[in-house]
Amino acid sequence: MMVGDNSISNTAQDNVLQEQVDEHKAAKGKLFGTFDGVFTPTLLTILGVIMYLREGWIVGNAGLLGAWLIILISCSITFLTGLSLSSITTNIRIGAGGAFSIISQSLGLEVGGSIGIPLYLAQALAVAMYIFGFRTGWQWIFPDHPAILIDLGVFAALFIVAYISASLAFRIQYVIMAIIAGSLISIFWTLYSVPAQQPIMWWGTFPGSPENMFTGIGFWALFAVFFPAATGIMAGANMSGELKNPRKSIPLGTMSAIVLSTVIYLLLAYWLIRSATPDELVSNYTIMIERAAWTPIVLAGLLGATFSSALSSIVGAPRILQALGDHRILPKSNWFSTRTQSGEPRNSIVFTGAIVLIALMLRDLNSIAPLITMFFLLAYAMINVVVFMEQSLNLVSFRPLFRIPRAVSFLGATGCLFVMFTINSTFSLVAVVVVVSIHSVLLRKHLKAPFGDVRSGLFVALAEWAAKKVNELTVSRERAWRANILVPVEDPQELRGMFNLIRDVSYPKGFIKILGLTGRVEDKELYTRLPDITRSFQDEGVFSSWTIIDVPSFEDNLIAGMEALAGSFFRPNIILLTPPLSEQREEDTRILVQKALQNGIGVVIYAAHPKSGLGRHKSINLWINDKSPDWEISMDLGNMDLAILIGYKLKRKWTASMNLITAVGDEDQKRKAGEYIKTLAELARLPNVNTYALEGSIEGILPEVPQAALNIFNLTTEPDFEFIRKMVELTGSSCLFTLDSGEENALA
């Protein structure tokens with residue numbers, strides 16, 4: 001048995017993998033290690049301006065225990081996210097773009113792009129924010145220097161460094177790291193040189209800030225101010241495409257930076273509470289600079305921290321943009337994805353520089369600063385979600401070298417979402433809307449990924465869960481009925497005249513299973529044509545798949561196919577046949593009808609008129625069985641359910657008129673029959689139908705009934721093929737003959 005598969009071929013995936021290996025080898029001289037590529041930029045991005053200018057204020061408001069609690073909650077969330085990041089990077093071949101690459105390889109390019117685009121913009125706009133922070137520190141030293149000139153000068157320096165190479169940026173960051181280390185030594189040195197005089201205030205009174213005239217502030221408001229200090233953990237991951245060994249470097253470098261920065265923040269809180277009074281801490285933002293052993297080195301550390309954070313962002317953001325271009329997510333993707341021979345994405349750097357320059361000209365980004373934080377948090381949350389889903393699906397493809405408990409990724413995702421709505425619920429909703437909007441746009445682009453993802457595994461898991469739940473139900477499934485059609489095909493040409501009918505009966509929630517039968521045409525033609533036909537149904541919005549059965553005869557072929565599919569969860573409930581053309585095939589078809597009923601599959605025989613086909617789809621005649629003498633209606637309609645359901649679906653799809661017709665044996669039955677079919681139309685919820693109860697045989701009353709594009713009749717368990725051919729001739733139209741499986745109910 002051969003089953004259709006829409007996935008990328010193994011050969012194509014092998015080629016992509018080989019290209020990645022070759023590209024990685026070619027770039028060997030330009031790749032970075034754990035310390036320079038991950039640890040340094042991550043640590044320097046975390047240790048920023050908030051540490052120098054706001055941690056003292058937070059300690060003065062919350063006290064030592066309150067400040068430690070804020071630090072530990074903030075760093076715990078990034079620690080959990082770092083663990084998730086570490087786990088997933090040891091399981092995949094992470095490409096360029098950091099979080100974008102991770103999310104794309106698990107949830108597809110559409111989800112990855114919907115996170116990657118706002119993450120890139122947040123990273124680019126963060127450069128302007130860091131430049132503004134640098135200017136604040138610079139003007140503390142040189143208050144007379146014009147703000148615009150400081151901003152443009154810093155931007156020019158950052159852009160030139162980023163444009164030349166990432167290697168130069170990292171070499172500069174070594175110098176900045178040494179300066180920050182010196183500033184911390186200068187700060188902590190006072191604990192030894194000058195004995196601490198201030199008593200420890202364990203829990204603060206939360207007086208507020210000079211800006212609000214010390215009218216008070218809440219714990220979570222302090223948390224919202226501090227939390228951005230704990231972010232920046234993606235600085236190293238953003239360089240994933242230029243690391244020697246991302247599987248090793250990202251986990252080790254990121255987690256080391258998170259742990260070390262957490263320890264520094266905790267120790268600084270202790271130093272602050274012992275070095276100044278609570279009143280001094282809440283009223284003087286530069287207390288850390290003033291109380292240090294050597295003020296100049298702390299000032300240099302403040303400037304270096306903001307400069308290094310800006311440098312990490314202006315180096316990392318273009319790498320995300322280049323990765324988005326590599327996967328054709330953006331307009332002009334080829335231009336964004338272009339790299340120099342040394343591997344620098346200079347087109348993306350130029351574009352990023354333009355965005356930063358525009359942001360600088362706006363002069364004030366405070367109004368959108370929370371939105372930037374939301375985009376970072378969404379990226380963190382999605383990384384945790386990716387790991388949680390991979391862990392929950394238990395797929396064999398998820399075998400990371402660094403394993404974490406599932407509770408870690410769950411708490412990480414929950415924590416990120418909690419922080420988002422704690423900081424600013426309005427901007428959180430705006431960020432979610434932006435991401436969802438981008439995702440909807442990318443879905444329409446039908447992006448082609450060179451790698452597989454876990455979405456199919458997710459849907460399979462949901463299907464398995466649903467299958468178990470459905471199988472546990474003992475009640476009837478009549479209300480959940482939909483047209484799942486099994487279409488046997490010996491010659492693909494036969495489907496040309498039936499394509500629209502099959503589509504219209506199964507649309508929108510049913511499915512079509514094409515069963516290729518060998519023997520009449522060459523196997524090669526079946527293997528070539530059936531996938532094309534399947535895709536045509538899918539393009540029309542109907543789920544479809546194909547299978548080929550290779551056994552000696554028509555009857556054995558079809559019976560084998562029915563029996564194989566009858567045990568599946570999404571099993572066919574209708575088999576579509578055409579009238580046999582020989583006595584032997586008639587006998588085979590009768591056997592097939594019996595086998596179909598045994599397997600709970602209804603039967604539909606489609607007899608196409610050789611000239612008129614299905615006409616203009618304007619009307620349908622549905623013939624109702626003779627219920628003489630009583631014409632009593634009940635839930636058991638007696639082999640009419642499938643005919644009514646198919647007739648209704650076609651009426652709705654074609655926007656056609658429908659006639660319910662019955663033939664009675666004598667005049668006395670006409671009134672009862674007329675009332676019966678009117679009641680049937682009402683109970684079956686068939687809107688706007690005409691009813692006809694006429695005396696005589698079917699053949700005799702045909703001149704009295706309206707002409708229709710399609711006539712639907714009942715089929716007996718012992719099909720009369722002569723009657724089938726006669727009805728096509730006498731009605732002058734195509735006809736359907738239906739036989740219930742017993743699982744349909746038109747009145748349900």
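Remember, predicted model here, so these are calculated numbers, not experimental data. (Residues numbered from 1 in each chain as written. Predicted model: local features only at pLDDT ≥ 70, side-chain atom pairs only at ≥ 80, totals over all residues. Heavy atoms only, no water.)

J.: What exactly am I supposed to notice about the overall build of the protein chain here?
T.: Secondary structure assignment for the protein chain yields 27 helices and 11 strands. Across the 748 residues that make up the protein chain, the buried fraction comes to 53%. (Helix = DSSP H or I, 4+ residues; strand = E, 2+ residues; numbered from the N terminus. Buried < 20%, exposed > 50% of the residue type's maximum accessible area, 1.4 Å probe, protein only.)

J.: Help me out: how do you make sense of the confidence of the model for the protein chain in this one?
T.: Any segment with low pLDDT has predicted coordinates that should not be analysed in fine detail. Looking at the protein chain, the pLDDT average stands at 85 and 90% of residues meet or exceed 70. Averaged over each element, pLDDT in the protein chain is lowest for strand β1 (residues 2-3) (42) and highest for strand β11 (residues 734-739) (95). Segment residues 1-14 is flagged for pLDDT under 50; beyond a separation of four residues in sequence, or across chains, it makes 17 contacts in the model. For residues 20-29, every residue scores under 50 in pLDDT, and the model assigns this stretch five contacts once sequence neighbours within four places are set aside. (pLDDT = per-residue confidence, 0-100. Contact = heavy atoms within 4.5 Å.)

J.: How should I be thinking about the pattern of salt bridges in this particular structure?
T.: Any two side chains of opposite charge can pair, on the condition that their charged atoms come close. Going through the model one piece at a time under the given rule, you end up with 16 salt bridges. As a salt-bridge pair, arginine 725 and glutamate 586 come within 3.1 Å of each other at their nearest N and O atoms. Pair noted here: arginine 725 is in helix α27 (residues 721-731) and glutamate 586 is in helix α23 (residues 583-598), with a separation of 139 residues, a long-range link. Residue classification places arginine 725 among the partly exposed positions, given a relative accessible area of 36%. In this structure, arginine 725 engages glutamate 722 in a salt bridge whose closest nitrogen and oxygen atoms are separated by 3.8 Å. Here arginine 725 and its partner glutamate 722 are both found in helix α27, three residues apart, which amounts to about one turn of the helix. One network of salt bridges, in which partners are shared, links Glu490, Glu494, Arg520 and Arg585. (Salt bridge = Lys/Arg side-chain N within 4 Å of Asp/Glu carboxyl O.)

J.: Which parts of the structure should I look at to understand the environment of isoleucine 70?
T.: Here isoleucine 70 lies in helix α4 (residues 55-89). Since its relative accessible area comes to 0%, isoleucine 70 is described here as buried. For isoleucine 70 and leucine 222, which are 152 residues apart along the polypeptide, the C-alpha to C-alpha distance reads 7.9 Å. Beyond its immediate sequence surroundings of up to four residues, isoleucine 70 is in contact with Ile58, Ala62, Phe219, Leu222, Phe223 and Phe226.

J.: I tried to follow the environment of isoleucine 187 on my own but got confused; where do I start?
T.: Mapped onto the secondary structure, isoleucine 187 falls in helix α8 (residues 166-193). Classification of isoleucine 187 by relative accessible area gives buried; the value is 0%. Between the alpha carbons of isoleucine 187 and leucine 272 there is a distance of 9.5 Å; along the sequence they are 85 residues apart. Excluding its chain neighbours within four sequence positions, the residues that come into contact with isoleucine 187 are Leu268, Trp271, Met288, Ala292 and Val298.

J.: Looking at this structure, how should I read the environment of glycine 316?
T.: Mapped onto the fold, glycine 316 is located in helix α13 (residues 295-326). Owing to a relative accessible area of 0%, glycine 316 belongs among the buried residues under this scheme. With 77 residues separating them in the primary sequence, glycine 316 and methionine 239 have C-alpha atoms 6.3 Å apart.

J.: Before we go on, may I ask you to explain the pairing of strand β2 (residues 484-489) in this structure?
T.: Looking down a regular strand, the side chains alternate between one sheet face and the other. The buried fraction of β2 is high, at six of six residues. Direction of pairing for β2 relative to strand β3 (residues 511-517): parallel, over a ladder of six bridges. Following the sheet pairing, leucine 486 is matched in β3 by lysine 513. Assessed by its sense of winding, the connection that carries the chain from β2 through helix α20 (residues 499-506) to β3 is right-handed. Of the pairings in the sheet, the one linking β2 to strand β5 (residues 574-577) comprises two bridges and is parallel in character. In the strand pairing of β5, isoleucine 485 is matched with isoleucine 574. (Pairing = 2+ DSSP bridges. Right-handed = clockwise from strand over helix to strand, strands pointing away.)

J.: Please explain the packing of aromatic side chains as it appears in this structure.
T.: Aromatic ring pairs: the centre-centre distance and the angle between the two ring planes describe each pair. Under the defined criterion, the tally for this structure stands at 26 aromatic pairs. On the numbers, 5.0 Å between centres and 80 degrees between planes, the contact of phenylalanine 336 with phenylalanine 351 is edge-to-face. On the criterion of sequence distance, the pair formed by phenylalanine 336 in helix α14 (residues 333-337) and phenylalanine 351 in helix α15 (residues 346-362) is long-range, its members being 15 residues apart. Residue phenylalanine 336 is classed as buried on the basis of its relative accessible area, which comes to 8%. Taking relative accessible area as the criterion, phenylalanine 351 reaches 33% and is therefore assigned partly exposed. One aromatic cluster in this structure is built from Trp203, Phe206, Phe219, Trp220, Phe223, Phe227 and Phe418. Across the ring face of tyrosine 285, the terminal group of arginine 54 is positioned such that the distance to the ring centre comes to 3.8 Å. The cationic tip of lysine 653 hangs over the ring face of tyrosine 507; the distance from NZ or CZ to the ring centre is 4.1 Å. (Phe/Tyr/Trp six-rings, centres within 6.5 Å; stacked < 30°, edge-to-face > 60°. Lys NZ or Arg CZ within 6 Å of the ring centre and 35° of its normal.)

J.: What is the right way to read α20 from this model?
T.: With seven of eight residues buried, α20 is to be regarded as a mostly interior element. Those residues of α20 that sit buried are Phe499, Leu501, Ile502, Arg503, Asp504, Val505 and Ser506.

J.: What exactly am I supposed to notice about unusual backbone geometry here?
T.: Most peptide bonds take the trans form, and the phi angle of most residues other than glycine is negative. In this model, tyrosine 507 is joined to proline 508 through a cis peptide bond whose omega is 0 degrees. Considering the arrangement of structural elements, one finds proline 508 in the loop between α20 and β3. Residue proline 629 is reached from serine 628 by a cis peptide bond, and omega for that bond is 5 degrees. Within the element layout of this structure, proline 629 appears in the loop between β7 (619-623) and α24 (641-654). The residue tryptophan 631 is not glycine, and still its phi comes out positive at about 50 degrees. Within the fold, tryptophan 631 resides in the loop between β7 and α24. In this model, arginine 685 sits at a positive phi of 55 degrees, which is unusual for a non-glycine residue.

J.: Can you help me understand the packing of helix α7 (residues 147-164) against α13 in this one?
T.: Any two packed helices are characterised by how steeply their axes cross, that is the angle between the axes, and by the distance between the axes. One way to put it is that α7 packs onto α13 with a least axis distance of 10 Å and a crossing angle of 45 degrees. In this view, α7 runs oblique relative to α13, as classed from their interaxial angle. As for the relative orientation of α7 and α13, their crossing is right-handed in sense. Where α7 abuts α13, its residues Val154, Ala157, Leu158, Phe159, Val161 and Ala162 lie against Phe307, Ala310, Leu311, Ile314 and Val315. Among the residues making up the contact of α7 with α13, the classes are represented as 11 nonpolar, no polar and no charged. (Axes fitted to C-alpha atoms, helices over the stretch in contact; angles between N-to-C directions. Parallel < 35°, antiparallel > 145°, perpendicular 65-115°, else oblique. Left-handed = near helix turned anticlockwise from the far one by under 90°. Nonpolar A, V, L, I, M, F, W, Y, C, P; charged D, E, K, R; others polar.)

J.: For this particular structure, what's the right way to read the nonpolar core?
T.: Note that soluble globular proteins tend to have their nonpolar side chains buried in a common cluster. Core analysis: the largest hydrophobic core is formed by 142 residues, its most contacted members being Tyr52, Leu158 and Ile329. The element contributing the most residues to this core is α13, with 16 residues. What tyrosine 52 contacts, discounting residues up to four positions off in sequence, is Ile180, Ser183, Tyr285, Met288, Val298, Gly301, Leu302 and Ala305. Judged by nonpolar contacts, the second largest core, of 57 residues, contains Trp481, Ile644, Leu650 and Trp654. (Core = buried A, V, L, I, M, F, W, Y, C linked by side-chain atoms within 4.5 Å.)

J.: Can you help me understand the side chain of serine 409 in this one?
T.: Tracing the chain through its elements places serine 409 in helix α17 (residues 406-423). For serine 409, a relative accessible area of 0% puts it in the buried group. A distance of 2.8 Å separates polar atoms of two side chains, one belonging to serine 409 and the other to glutamine 391. Apart from residues lying up to four places away in sequence, serine 409 is in contact with Ser84, Asn384, Val387, Phe388 and Gln391. (Polar contact = N/O pair within 3.5 Å; in protein donor to acceptor, adjacent residues only side chain to side chain.)

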